[in-house]
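# Per-entry structural report
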Amino acid sequence: MLISLPPDYRPSENEEFMNPMQTEYFRQKLLRWRGDLVKEANGTLASLGEGGILEADITDRASVETDRALELRTRDRARKLIGKIDQALQRIENGTYGFCEDTGEPIGLKRLEARPIATLSIEAQERHERMEKVHRDD
């Protein structure tokens, strides 16, 4: 089903949660985010492929190597984020997007706006983090 969103559409609490308009809104948001990350990654690959480090000064060379290492770590985080975006898009396809993995309750529009890849409601996320802290202290 192809849904056309008005350019100024924003999900509202007054609508049925995860109705087709909201679902399409978040699908498009996730696809744009994914596209931006892929474009940045391609730019990084192009700049890394331009050749070796040509700096003659050892300090300059070390600085360039540090910058490249930082860029690669950033790209690795982006790669993992793309995987989470793909999982969110899959949840949209199978109708589970927007609902907490633990409780099955709606995650909430504000949380999804802020973190469209969220899989837990705020309450479930807080419980999860408390449990991690308790087990980490052991």
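All of the points below concern the structure found in this document. (Residues numbered from 1 in each chain as written. Predicted model: local features only at pLDDT ≥ 70, side-chain atom pairs only at ≥ 80, totals over all residues. Heavy atoms only, no water.)

Now for the overall build of the protein. When you go through the protein residue by residue, the secondary structure sums to four helices and zero strands. Reading the helices (α) and strands (β) of the protein from amino to carboxyl end gives α-α-α-α. In the protein, which comprises 138 residues, the proportion classed as buried is 26%. The long-range share in the protein, meaning contacts at least 24 apart out of those at least 6 apart in sequence, stands at 51%. In the form shown here, the protein has an accessible surface area of approximately 9,600 Å², with 52% of it arising from carbon and sulfur atoms. (Helix = DSSP H or I, 4+ residues; strand = E, 2+ residues; numbered from the N terminus. Buried < 20%, exposed > 50% of the residue type's maximum accessible area, 1.4 Å probe, protein only. Contact = heavy atoms within 4.5 Å. Areas by Shrake-Rupley, 256 points an atom, 1.4 Å probe, with all protein chains shown as cover.)

Bringing the packing of aromatic side chains into the picture now. Scanning all chains against the criterion turns up four aromatic pairs. Taking 5.1 Å as the distance between ring centres and 85° as the angle between the ring planes, the aromatic pair formed by Tyr25 and Phe26 counts as edge-to-face. Of the two residues examined, Tyr25 and Phe26, each falls in the buried class. These aromatic residues form a ring-pair network of at least three members: Tyr9, Tyr25, Phe26 and Tyr97. (Phe/Tyr/Trp six-rings, centres within 6.5 Å; stacked < 30°, edge-to-face > 60°.)

On to the pattern of salt bridges, then. Under the criterion given, the structure shown has seven salt bridges. Between Arg75 and Glu71 there is a salt bridge; the shortest N-O distance is 3.0 Å. Linking Arg75 with Glu71, this pair stays in helix α2 (residues 58-94), spanning four residues, or about one helical turn. Given a relative accessible area of 16%, Arg75 falls into the buried group. Overall, Glu71 belongs to the partly exposed group, its relative accessible area being 27%. Across the pair Asp76 and Arg79 runs a salt bridge whose closest N-O atoms are separated by 2.5 Å. Linking Asp76 with Arg79, this pair stays in helix α2, spanning three residues, or about one helical turn. Several salt bridges converge on common partners, so that one network encompasses Glu40, Glu71 and Arg75. (Salt bridge = Lys/Arg side-chain N within 4 Å of Asp/Glu carboxyl O.)

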